[in-house]
Amino acid sequence: MLATTTAPTYAELMINQIKQRVHMVNRQLRNEELCVYESGTQYCVIVLLNTKTRTAVATFGVNAAARRDLCLTKAFLSLVENTRKAPMALAA
């Protein structure tokens, strides 16, 4: 007997894409971490945590089915990436 699987919804695909982007940004952060909390629906929350004190620095709620929220999420992650990443050492 074959197991039946359902295709992922648009919101699930978008949340997975957000998780991938968060993973890429987390590789550049030092002493801070972005976490994605899902509810099993089209909604999720992105939290910027200080890893030493485990306090929330910023939170962002996302409706993965809304194009506006996806654009704001991209801007939020770009802001975190550009302002919070560890400084790069210049090679001589």
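Small disclaimer: the values here were computed from a predicted structure and weren't measured.

Trainee: Just checking my understanding: could you explain the packing of helix H1 (residues 10-26) against helix H2 (residues 67-84) for this structure?
Mentor: The relative placement of two packed helices comes down to the angle between their axes together with the axis-to-axis distance. For the pair H1 and H2, the least separation of the axes is 10 Å and the interaxial angle reads 10°. The angle between the axes of H1 and H2 places the two elements in the roughly parallel class. Along the contact surface, H1 presents Tyr10, Met14, Ile18, Arg21, Val22 and Val25, while H2 presents Leu70, Thr73, Lys74, Leu77, Ser78, Val80 and Glu81. Looking at the contact of H1 with H2 residue by residue, the class counts come to eight nonpolar, two polar and three charged.

Trainee: What's the story with the pattern of salt bridges in this structure? I'm lost.
Mentor: Should the charged atoms of two oppositely charged side chains come close, the side chains can pair. Within the structure shown, the criterion is met by five salt bridges. Between glutamate 32 and arginine 84 there is a salt bridge, and its shortest N-O distance comes to 3.4 Å. Here glutamate 32, found in strand E1 (residues 32-38), pairs with arginine 84, found in helix H2; they are 52 residues apart in sequence, far enough to count as distant. Judged by relative accessible area, which is 34%, arginine 84 ranks as partly exposed. In this structure, arginine 68 and aspartate 69 form a salt bridge, with 3.3 Å as the shortest nitrogen-oxygen distance. According to the relative accessible area criterion, aspartate 69 is buried, its value standing at 10%.

Trainee: Would you explain the environment of glutamate 32 in this entry?
Mentor: By relative accessible area, glutamate 32 is classed as buried at 14%. Between the C-alpha atoms of glutamate 32 and arginine 54, which are 22 residues apart in sequence, the distance is 8.9 Å. For glutamate 32, the contacting residues outside a window of four places in its chain are Leu48, Leu49, Asn50, Thr51, Val57 and Arg84.

Trainee: What exactly am I supposed to notice about the sheet that holds strand E2 (residues 43-50) here?
Mentor: Strand pairing in a sheet takes place through backbone hydrogen bonds and is either antiparallel or parallel in direction. Reading across the sheet, the three strands line up as E1-E2-E3 and stay open at both edges, with antiparallel pairing between neighbours. In this open sheet, the two strands that pair with only one neighbour each are E1 and strand E3 (55-63). Neighbouring strand axes in the sheet, compared pairwise and without regard to direction, differ in orientation by 20° on average. Across eight bridges, E2 lies against E3 in antiparallel orientation. The residue of E3 that forms the bridge with leucine 48 is alanine 58. Along the sheet, H1 contacts E1, E2 and E3; its crossing angle with E1, the most-contacted strand, is approximately 170°.

Thresholds, definitions, all that
- Residues numbered from 1 in each chain as written.
- Predicted model: local features only at pLDDT ≥ 70, side-chain atom pairs only at ≥ 80, totals over all residues.
- Heavy atoms only, no water.
- Axes fitted to C-alpha atoms, helices over the stretch in contact; angles between N-to-C directions.
- Helix = DSSP H or I, 4+ residues; strand = E, 2+ residues; numbered from the N terminus.
- Parallel < 35°, antiparallel > 145°, perpendicular 65-115°, else oblique.
- Contact = heavy atoms within 4.5 Å.
- Nonpolar A, V, L, I, M, F, W, Y, C, P; charged D, E, K, R; others polar.
- Salt bridge = Lys/Arg side-chain N within 4 Å of Asp/Glu carboxyl O.
- Buried < 20%, exposed > 50% of the residue type's maximum accessible area, 1.4 Å probe, protein only.
- Pairing = 2+ DSSP bridges.

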